[in-house]
Each structure stands twice: as structure tokens, then as C-alpha cells.
Amino acid sequence: MKNMTKELLDKINEIATPVKIMHVCGSHEHAIMENGIRSLLPPEVEIIAGPGCPVCVVPSREIDECLELVDRGVTVTTFGDMLRVPGSERSLAEAKAEGGDVRVVYGINKAIEIAEKEDNDVVFMAAGFETTAPTTAAEILAEPPENFSVLSCHRLIPPAIDYLINSGETNLNALIEPGHVCTIIGTKPFEYLSTDYGIPQAVAGFNPLDILMSVYMILRQIRDDTPKIDNEYNRAVRDEGNVIAQKVIDQVFDVGSREWRGFPKIPNSILEIKDEFSQYNARAKYDIE
């Protein structure tokens, strides 16, 4: 591994040029920080963090929706990272400390298990990008118990990147695209960023060599003046993505517009449960919109 890393870094140094590369994935940032990748790269090659993890981008309004449910006696289930995300006045962790029924689960299936065992109403706060949306959709199609519903906080990556580029507020020259999102949606939704805007891109996996290879691919595109989207993570990502997962998402969700934490309303960037599944949509079921 050390030899591979040295060889790759030598190649990067040979064709290094001033470039600002943005990634949009919390897992990429974790790998970059944990392995000191920024310190290994030549100084003219800069990697900056984009929107971040799906928990980080949930706005206070959606935390407040969950807090309203807790105050009304509903059991709210969500991922552990979500508990300390601030709402307008308090967090779910604070509501739990005050006696609210807030429970940490590792997925929607565990939330459904709670609903099956208890008489109380149970809501799952479904945060995540395109990666976790198929699981939420599949569980809704499986007709969970009547006392179960979902507060959808799912968000879509391509519209957020489009917003950042067209806002003129982000200075970037290239993009590292999230491998896990691309396993679902493929590479095609990102292609126009290269053809229309001339932005070099690479889909990357999550180990240090994945990230270094994606940097080399981007530098190679810049050298050859051939902006496109390279698929470094081809062991998991196909150009067309996971077509079955895409169909499940389309069957259950409508695309809408809503704000992200730190951003105004981003057009066509969120997934909301369709009216035909309103019995599983917490916003409709409890009239909290």
C-alpha cells in the first residue's frame, strides 16, 4: 500500500497545477482528515469540503417538526447523530432529557420493529441522500403498521451542486463526486457539469487510495483539457446506477424544494412522500407542515 501511495503521489506531483477541488461527502472528508491527505498533496492542489453529511444539512425547521411530535407524545426515532443537531430553540437530545420519547435506531427497519411492539405512534426521521432513500421507499411499499409514519428529510445531491455552481459564491475548479450516492443514481446526472460547465469530475470510493486516484484523474483531465466524469469507484458504480432502486424512489417520492441548513431553498432538492402514501407521511398525518 505504501508503494502504491508513493507511486500515485509521484504521478500527482508530475502533473500538479493550481486547482480547487470540492467534494460533497462527509465520508470523504473523514477519510481525508483521518489520513492527512491534504498534507500529502502538493500545495497548489486544494481540496475543499462541500455541503457535508445528510445530518448536517437538515435545517432547524425539520428538527422543530420532530420536537412538535415529541411534545404531542409521539415516539420519535432517528439516527444518533441527529440528536444534537439544533432546532430553533432546542435539540432532540434536550427533548429526550426532558422526558420526551426519542429513541436512537440504526435504520428504518428498527423503527418499524418498535412500532410493531408498541401501541404508541412511532415516527422515523428519515435523513439521508439518495443512498438511503430506496430503503425508506421499500419499507413504505411493504405497508408498515398503522401507528408508523415517516418524516422525510431526504435530500438530493445533484441539485445542491448545481445551486452552488450557479450561485457564483463557490470558487471551485473540479469535483469529487460521492461514491455511495452514485451507486444509486449512477454518473449520468453529473455529466452535464462537465459538458456544459467544463468541470473535471471523478467519482471516488472511500479509502485513501480512492481519493488520491480521483485527484490524479482530475489533474489528468486538466492537463489534457478533457473535462468529463471519470469513474474511479467502478467496482461499485455503474454509469446507469441501480435502476431498481431508482424506480422504488420514483414510486414513493415526489421531488420538491426546501431549504438546507446553511443554504436557502434549493429547487428540486428534497424527497417528499407522495399523496397516495399519505398515511405514512408524518407531515400529513399530524398536520405539522
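Now for a look at the structure at hand. (Residues numbered from 1 in each chain as written. Predicted model: local features only at pLDDT ≥ 70, side-chain atom pairs only at ≥ 80, totals over all residues. Heavy atoms only, no water.)

**Quick look at the sheet that holds strand E4 (residues 102-104)**
- Here four strands make up an open sheet; going across it, the order is E4-E3-E5-E6 and the pairing parallel. Both edges of this open sheet fall to E4 and strand E6 (148-154), since each of them pairs with a single strand only. Neighbour-to-neighbour, the strand axes of this sheet turn through a mean angle of 25°, independent of strand direction.
- Pairing of strand E3 (residues 75-78) with strand E5 (residues 122-128), which is carried by three bridges, proceeds in the parallel orientation. Bridged to Thr75 within E5 is Val122. (Pairing = 2+ DSSP bridges. Helix = DSSP H or I, 4+ residues; strand = E, 2+ residues; numbered from the N terminus. Axes fitted to C-alpha atoms, helices over the stretch in contact; angles between N-to-C directions.)

**Looking at the pattern of salt bridges**
- Scanning all chains against the criterion turns up 19 salt bridges.
- The residue Asp224 makes a salt bridge to Arg223 at a minimum N-O spacing of 2.9 Å.
- Asp224 sits in the partly exposed class, given a relative accessible area of 38%.
- Among the salt bridges present, the one from Asp230 reaches Lys228, with a minimum N-O distance of 3.7 Å.
- By relative accessible area, Lys228 is classed as partly exposed at 41%.
- Three or more residues joined by partner-sharing salt bridges are found here, namely Glu62, Glu65, Arg155, Arg258, Glu272 and Arg283. (Salt bridge = Lys/Arg side-chain N within 4 Å of Asp/Glu carboxyl O. Buried < 20%, exposed > 50% of the residue type's maximum accessible area, 1.4 Å probe, protein only.)

**A short note on the packing of aromatic side chains**
- Counted according to the given criterion, the structure contains five aromatic pairs.
- Their ring planes at 85° and their centres at 5.7 Å tell us that Phe79 and Phe124 sit as a pair that is edge-to-face. With Phe79 in the loop between E3 and helix H5 (92-97) and Phe124 in strand E5, the pair connects residues that are 45 residues apart, well separated along the chain.
- Residue Phe79 is classed as partly exposed on the basis of its relative accessible area of 23%.
- The interplanar angle of 25° and the centroid separation of 6.2 Å between the aromatic rings of Phe129 and Trp260 together place this pair among those described as stacked. One end of the pair, Phe129, is in the loop between E5 and helix H7 (133-141); the other, Trp260, is in strand E10 (residues 253-260), with 131 residues separating them in the sequence. (Phe/Tyr/Trp six-rings, centres within 6.5 Å; stacked < 30°, edge-to-face > 60°.)

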